[in-house]
Amino acid sequence: MASSRAQILLGLQKMPRGAPLGSPELKNIGVSAALAYQYVKRGWLNKLGRGVFTLPADELQRDATLKFLARQMPGLHAGGKTALAWRGVRHNIAARERLSLWGVKPGKLPQWFSSKFPSRYVSKELFHKGLPVAFGLSPLPESPNGPLVSEPERALLEMLSEVGLQQSAEEARHIMEGARSLRPEVLRRLLHECVRVKVVRLCTQWAQELNLPWCADARKALSQSHGAGQGRWTARMKDGTTLILKP
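Residues numbered from 1 in each chain as written. Predicted model: local features only at pLDDT ≥ 70, side-chain atom pairs only at ≥ 80, totals over all residues. Heavy atoms only, no water.

In this model, Ala57 sits at a positive phi of 70 degrees, which is unusual for a non-glycine residue. Residue position: Ala57 is located in the loop between strand 3 (52–54) and helix 4 (62–70). Taking relative accessible area as the criterion, Ala57 reaches 85% and is therefore assigned exposed. Phi at Asn211 takes a positive value of approximately 55 degrees, unusual for a residue other than glycine. By secondary structure assignment, the location of Asn211 is in the loop between helix 10 (197–209) and helix 11 (215–223). Judged by relative accessible area, which is 56%, Asn211 ranks as exposed. (Helix = DSSP H or I, 4+ residues; strand = E, 2+ residues; numbered from the N terminus. Buried < 20%, exposed > 50% of the residue type's maximum accessible area, 1.4 Å probe, protein only.)

Listed below in structure tokens is the structure:
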């Protein structure tokens, strides 16, 4: 019994730092749910939430924690304005920006995560179901083993989908002005697969007004999309602004 406990404690000491420990990881080293409860009482584990723990004095790291969460939430990735900022496309840098996290299914981020990393979760359908879930997602080049982050083309469309809702039009336009190096073939594919008329037209109209290098590619994608040739698109946004987008 003592030997078994010693082996378990040794196993805990060898667990990776900076990430939560879930019930499956603990079970692999012989810690059952009942035993985990006992270890919490003894101060050998800290409980974050149901079936989620950390080692005492361990500090959660953002990327490691995102990877842990992605195993529980399908398609979870950093998207929108967050992804653009992480990839070097930004306007202003807030002292503590809320993370924009996207996923496939509706849900909520756990409280233990949001309290440590201020975030919001988005699960709106932005692309046709035929588009591979991981298209336009990859770790950051400097963190090849890190969490998935939208590539600039996908992140831009995610941000534009939030304009008038959680994202101001003025800031989005300023950020988009810095997105000058998008890959035309990736952007065309995403625009073609995009199911939101507002996003396709807003991307195209602002690209023309800002004279971005890829505006012709965006225009071509619009001409092939369901939103082309249907007159002006007008909508009153949640923040009170009115968007008028040309065909």
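Turning to the pattern of salt bridges, a few remarks are in order. Scanning the entire structure with this criterion turns up 14 salt bridges. Arg183 is the salt-bridge partner of Glu153, the closest N and O atoms lying 2.8 Å from each other. Note that Glu153 is positioned in helix 7 (residues 152–161) and Arg183 in the loop between helix 8 (169–177) and helix 9 (184–193), a separation of 30 residues in sequence. Given a relative accessible area of 2%, Glu153 falls into the buried group. Here Glu209 makes a salt bridge to Arg173, at a shortest N to O gap of 2.6 Å. Of this pair, Glu209 sits in helix 10 while Arg173 sits in helix 8; the two residues are 36 residues apart in sequence, bridging distant segments of the chain. Through salt bridges with shared partners, a single ionic network connects Lys81, Glu97 and Glu171. (Salt bridge = Lys/Arg side-chain N within 4 Å of Asp/Glu carboxyl O.)

It is worth spelling out the pairing of strand 2 (residues 46–49) at this point. Two strands pair when backbone bridges link them, and strand 2 and strand 3 are joined in this way by three bridges, in the antiparallel orientation. In the sheet register, Asn46 faces strand 3, and the bridge partner there is Thr54. Counting the residues between successive antiparallel strands, the hairpin from strand 2 to strand 3 contains two residues, one of them, Gly51, with a positive phi of roughly 70 degrees. (Pairing = 2+ DSSP bridges.)

Moving on, we come to the sheet that holds strand 3. The sheet built from three strands is open, its strands ordered 1-3-2 with antiparallel pairing. At either end of the open sheet lies a strand with only one pairing partner, and these are strand 1 (21–22) and strand 2.

With respect to the helices and strands, the residue Glu125 is situated in the loop between strand 6 (119–122) and strand 7 (137–138). With a relative accessible area of 40%, Glu125 lands in the partly exposed category. The spatial distance from the C-alpha of Glu125 to the C-alpha of Val104 is 7.9 Å, given a sequence separation of 21 residues. When near neighbours in sequence (up to four residues on either side) are disregarded, Glu125 contacts Val195 and Arg196. (Contact = heavy atoms within 4.5 Å.)

Right, let's get into the layout of surface pockets. For the largest pocket, the calculated volume is near 390 Å³. Of the residues belonging to the lining of the largest pocket, the class tally is eight nonpolar, five polar and five charged. (1 Å grid on protein atoms, 1.4 Å probe; cavity = no way out; pocket = protein on both sides within 12 Å on 5 of 7 lines; lining within 4 Å. Points joined across faces, edges and corners; volume = space filled by probe spheres on them. Nonpolar A, V, L, I, M, F, W, Y, C, P; charged D, E, K, R; others polar.)

Its place among the elements puts Ser138 in strand 7. Classification of Ser138 as buried rests on a relative accessible area of 18%. Remark: the alpha-carbon pair of Ser138 and Glu151, spanning 13 residues in sequence, is separated by 6.7 Å. Once residues lying within four places of it in the same chain are set aside, the contact partners of Ser138 are Arg87, Pro147, Leu148, Val149 and Glu151. For Ser138, the side chain forms a polar contact with the side chain of Glu151, separated by 3.0 Å. (Polar contact = N/O pair within 3.5 Å; in protein donor to acceptor, adjacent residues only side chain to side chain.)

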